[in-house]
Amino acid sequence: MRIAVFGLGYVGTVTAAGLASRGHVVCGVDVDEVKVGLIRQGRSPVVEPGLDDLVAAGVAAGALTATTDAVQALEGADVSLLCVGTPSTPQGSTDLSYLRRALDDIRAALAVARPPASGFHAVVVRSTVPPGTGDEMVAPTFADVPAGADWEVGTAMCPEFLREGSGVADFFDPPFVVLGAADPRVAQTLTAMFGFLDRTPRLVDVRSAEALKYACNAFHATKVSFANEMGRVFRMYGVDAREVMEIFCEDRTLNISPAYLRPGFAFGGSCLPKDLRALLHMARVNDLDVPLLAGTLRSNELVVRDVLDRIVASPARSVAMLGLSFKSDTDDLRESPNVELAERLLGKGFEVRIYDPIINPSRLTGANLRYVEARLPHLGRLLAATPEAALADSDTAVVSTAEPAVVEALRAQPPGRIIDLSGRLGPDIEETSGYEGLGWTA
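So, a few notes on the structure that sits alongside this text. Predicted model, so just to flag it, every value in this text is computed and none were measured. Residue positions are given per chain, counting from 1 as you read along its sequence in written order. At least 70 in pLDDT is required for a residue's local features to be given in this predicted model, at least 80 for side-chain atom pairs to be given and counted, and no such filter applies to totals for whole chains, interfaces and linings, which use all residues. Calculated side-chain values reflect all of the structure's heavy atoms, with hydrogen atoms and water omitted.

### Looking at the pattern of salt bridges
Inference 1: Between Lys or Arg on one side and Asp or Glu on the other, a salt bridge is scored when a side-chain nitrogen of the former is within 4 Å of a carboxyl oxygen of the latter. Under the defined criterion, the tally for this structure stands at 25 salt bridges.
Inference 2: In this structure, aspartate 240 engages arginine 242 in a salt bridge whose closest nitrogen and oxygen atoms are separated by 3.0 Å.
Inference 3: Owing to a relative accessible area of 67%, arginine 242 belongs among the exposed residues under this scheme.
Inference 4: Salt bridges sharing partners connect three or more residues here, namely Glu301, Arg305, Glu340, Glu343, Arg344 and Arg375. Buried, partly exposed and exposed residues are distinguished by accessible area as a fraction of the type maximum, computed with a 1.4 Å probe on protein chains only: under 20%, between the cut-offs, and over 50%, respectively.

Here is the structure:
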């Protein structure tokens, strides 16, 4: 393919040289004449292990060149990859001015440049941009390209996952290839362009592709902060946090795994809240600030408050709670966010009916019994024997279990509103009128 790469910083130069090394004909575009001149000389404008050799080989083979002229870069090009900078503004928002300029340059060049033989051109954002940028900025730029024109344009988001210092290695061995495209022609073009990678592209919604890079980087930053906060606290107790975290990382079932990394309701139970509070106390008595750990408890409270606020803001006055324990297949109610939600709803005058396949008040004992007696002293009166009984005459169902009997009851007698706290109810329920996901759209 013939490919134009806009922006010759770390991402653009690695991308351009990498694609050129795999048989594509690539022209890099940048307003900086110094960068363009270095590429033409076979030298990388950025320092990155292995990149100088890759650039030199591409230029020597005639597969890689550079220009300041968008028209020259777009001559016969099948793809434009936008790798321009998207820095922070002083307020913290994303500065999209470089992206806007590149899009305008491409749009203007279409009136002059020779189209590819197919007549179809894919404009693909590689830069990190907020969700909605593709729909609200990129696609509208080319919406007025008339039908039957020499150029047909499709747009997409294909985020990069390159780390400075290992960018070349990451380009050829990415964690995944993600394509956010509404136009199947763009998806086909990019699948072919990245065909040399041993990865099956993940085809997703454009906004999901845009959001993914933010999720990845936020998690990476969170990991650094978590390890550092552990070190700050444990150091005061004579603990080598390096050893703790080394062993911590050996747990691939919970610690380094997909476990818990799914939007859903708040955490609870007899361990997580208690141990977090203990760590916060250790920090306080040693005059330490651990904002990540402290924020975790606050964030958890916001999840409960969000559900409560949604219900209170509606005209509904009767609520069926399907699921009460802090997680499925246990009768442990200690610090269950569902118990907390039920208590707050009752306190605000809502009529609440509860179904939980495991909970039997006569079998609750010890701390579990004492906890629920303090929070829901009349639990026996609130419990329904079946999900159908809980749903009867209810305006809203708050669902934290995906037990088959619950799903079937929702399918058979859907209430006016379903607030899904688990995300596992299945497409039939998610397509029901009145369905709401807790942190996702149906």
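### Observations concerning the sheet that holds strand β11 (residues 396-399)
Inference 1: If DSSP finds at least two bridges between two strands, the strands pair. Strands here are runs of E lasting at least two residues and helices are runs of H or I lasting at least four, both read from the DSSP assignment and numbered beginning at the N terminus. Across the sheet, five strands lie side by side as β10-β9-β11-β12-β13; this open sheet has parallel pairing. The strands lining the two open edges of the sheet, one partner per strand, are β10 (351-355) and β13 (435-437). Along the sheet, successive strands turn relative to each other by an average axial angle of 20°, direction set aside.
Inference 2: Note that strand β9 (residues 318-322) and β10 share five bridges and pair parallel. Opposite alanine 320, over in β10, you have arginine 353 as the bridge partner.
Inference 3: In what follows, a contact means two residues having at least one pair of non-hydrogen atoms within 4.5 Å. Axes, fitted as lines to C-alpha atoms, cover a helix only where it is in contact. Angles between the N-to-C directions of the axes lie from 0 to 180 degrees. In the packing of helix α12 (residues 291-312) onto the sheet, contacts are made with β9, β11, β12 (417-420) and β13, and the angle to β12 comes to roughly 175°.
Inference 4: Across the face of the sheet, helix α17 (residues 404-412) comes into contact with β9, β10, β11 and β12 while running at roughly 155° to β11.

### What to know about unusual backbone geometry
Excluding glycine, a negative phi dihedral is what most residues carry, and trans is how most peptide bonds are arranged.
Inference 1: Its identity is not glycine, yet aspartate 287 carries a phi of approximately 60°, on the positive side.
Inference 2: Looking at the element boundaries, aspartate 287 is found in the loop between α11 (272-285) and α12.
Inference 3: What makes aspartate 287 exposed here is its relative accessible area of 75%.
Inference 4: Positive phi values are uncommon outside glycine, yet aspartate 393 reaches one of about 65°.
Inference 5: Tracing the sequence through the fold places aspartate 393 in the loop between α16 (387-391) and β11.
Inference 6: For aspartate 393, a relative accessible area of 75% puts it in the exposed group.

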